[in-house]
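Structure assessment
Here are the chains, one letter per residue:
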Amino acid sequence: MNFDIQNIGSFKIGGIEVWITETQLSTWIIMGLLITFALVIRVKLNKFKDVPGGLQNIAEMLVETFDKFVKDSAGDKLMFLGNWYFMVFAFVLLSNISGLFFLRPPTADWTMTFGLALVSFILIQSMGIRFRKKQFFKDLISPNFIFLPLNIIGEFARPISLSFRLFGNILSGTILLSMIYSLAPVFLRVLFPAALHFYFDLFAGVLQAYVFTVLSLSFIGVSAAVSD
Amino acid sequence: MDPNLMGTLASVMSASAIGAAIAVLAGSFTAIGQGNIASRAIESIARQPEAKGSISTTMYIGLGMAETGGIYGLVIAFMLLFANPLVNRFIEVAGLGG
């Protein structure tokens, strides 16, 4: 029963020891998969046809669905965020379900989810400043300047709650499953965990990837919306 | 090790475990809130079946938001069980660490 983040090996660069952890290994595997998929599509679809077929259909469907999703949750003027959040969605989704393929999910490591949420935080603030300009700073001291610390704490609570939500869901699934594998008698290890894998890895994984993306997008949308 | 210190260490560890169990109880209130969200969503879908898509999308977002409180309790429980801040502090104060 061991669900700590294991170290795989280490190497030295100029006297500083750099550790390779399980999180990094599975991150690189998932990154490799996504990059290969992107390259295959890029090479195969060198010439886009007017009438799509086969692989082009799939690629167009994915991109169009996600663009519509961004439009619905963030708004028209923030469509350029779709590029980044499509990547985040694909990465988080593959990370969450990577527990099915004997990898330790990278999202069960708080550093990973906090990194993703930090980007969302920076985007929330910068889009707020870009689209609301002075109103952004006025809203920080609304309804009264006494509320300034409260509002600032509220802003900083967002990336923390975003990252903890994803991290807690995936880590609890990982821990529960490894407990069941180590504590259950042998005859229960065959079919019984399949249902739990379905719930914790597939259902919760897909749902949390969706919730992370849609919450980030709607926070940015709210932050960038010009109110009267 | 001094048996007296060992007894104190054991009580600090058990207090950590009990604290973790209490922290996880935060999930019960989350469950009540999530049940409320789901029941209201079902009511509104029954009233307006054609708005099922947008209602369920909003419901999932609401479920995700409501989950945060329970997740905070869970994270505190993980910290108490696996990062052991109280036990480490005790070992440091008592000078047990090598």
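To be clear, the structure that these remarks concern was listed above.
So, here's what we can say about the structure. (Residues numbered from 1 in each chain as written. Chains lettered and ligands numbered in written order. Predicted model: local features only at pLDDT ≥ 70, side-chain atom pairs only at ≥ 80, totals over all residues. Heavy atoms only, no water.)

1. Regarding the overall build of chain B
A count of helical and extended segments in chain B gives 4 helices and 0 strands. In terms of C-alpha radius of gyration, chain B reaches 22 Å, well past the compact-globule figure of 13 Å for 98 residues. Counting the 98 residues in chain B, one finds 24% classified as buried. With the model as given, the accessible surface of chain B reaches about 6,100 Å², and the carbon-plus-sulfur share is 68%. Side-chain charges in chain B split into 4 positive and 5 negative, and the spacing between the mean points of these groups amounts to 13 Å. (Helix = DSSP H or I, 4+ residues; strand = E, 2+ residues; numbered from the N terminus. Rg over C-alpha atoms; globule rule 2.2 N^0.38 Å. Buried < 20%, exposed > 50% of the residue type's maximum accessible area, 1.4 Å probe, protein only. Areas by Shrake-Rupley, 256 points an atom, 1.4 Å probe, with all protein chains shown as cover. Lys, Arg positive; Asp, Glu negative; His and termini not counted. Charge placed at Lys NZ, Arg CZ, Asp CG, Glu CD.)

2. Observations regarding the pairing of strand β1 (residues 7-13) of chain A
Consecutive side chains of a regular strand alternate in pointing toward one face of the sheet and then the other. Residue and element names in this part refer to chain A. Two elements, β1 and strand β2 (residues 16-21), share 6 bridges in a ladder whose sense is antiparallel. Each residue of the ladder has a partner; that of F11, found in β2, is V18. Connecting β1 to the next strand, β2, in antiparallel fashion are 2 residues, including G14 with a positive phi near 55°. (Pairing = 2+ DSSP bridges.)

3. Overview of the packing of helix α1 (residues 3-24) of chain B against helix α2 (residues 26-47) of chain B
Residues and elements named next belong to chain B. Taken N-terminus to C-terminus, the directions of α1 and α2 make an angle of 10°; their axes are 4 Å apart at the nearest point. Between α1 and α2, the angle falls in the class roughly parallel. Two secondary-structure elements touch here, α1 through I22, A23 and V24 and α2 through A26, G27 and S28. (Axes fitted to C-alpha atoms, helices over the stretch in contact; angles between N-to-C directions. Parallel < 35°, antiparallel > 145°, perpendicular 65-115°, else oblique. Contact = heavy atoms within 4.5 Å.)

4. Concerning the packing of aromatic side chains
Enumeration according to the criterion identifies 14 aromatic pairs over all chains in this entry. Residues F69(A) and Y210(A) carry aromatic rings whose centres are separated by 5.6 Å and whose planes lie at 35° to one another, so their mutual orientation is tilted. A residue pair is termed long-range when its members are at least 10 positions apart, and F69(A) in helix α2 (residues 55-74) and Y210(A) in helix α7 (residues 192-224) qualify at 141 residues. Taking relative accessible area as the criterion, F69(A) reaches 17% and is therefore assigned buried. The interplanar angle of 35° and the centroid separation of 6.1 Å between the aromatic rings of F78(B) and F82(B) together place this pair among those described as tilted. Residue F78(B) and its partner F82(B) are both found in helix α3 (residues 52-83); the two are separated by 4 residues, about one turn of the helix. Assessed through its relative accessible area of 12%, F78(B) is described here as buried. (Phe/Tyr/Trp six-rings, centres within 6.5 Å; stacked < 30°, edge-to-face > 60°.)

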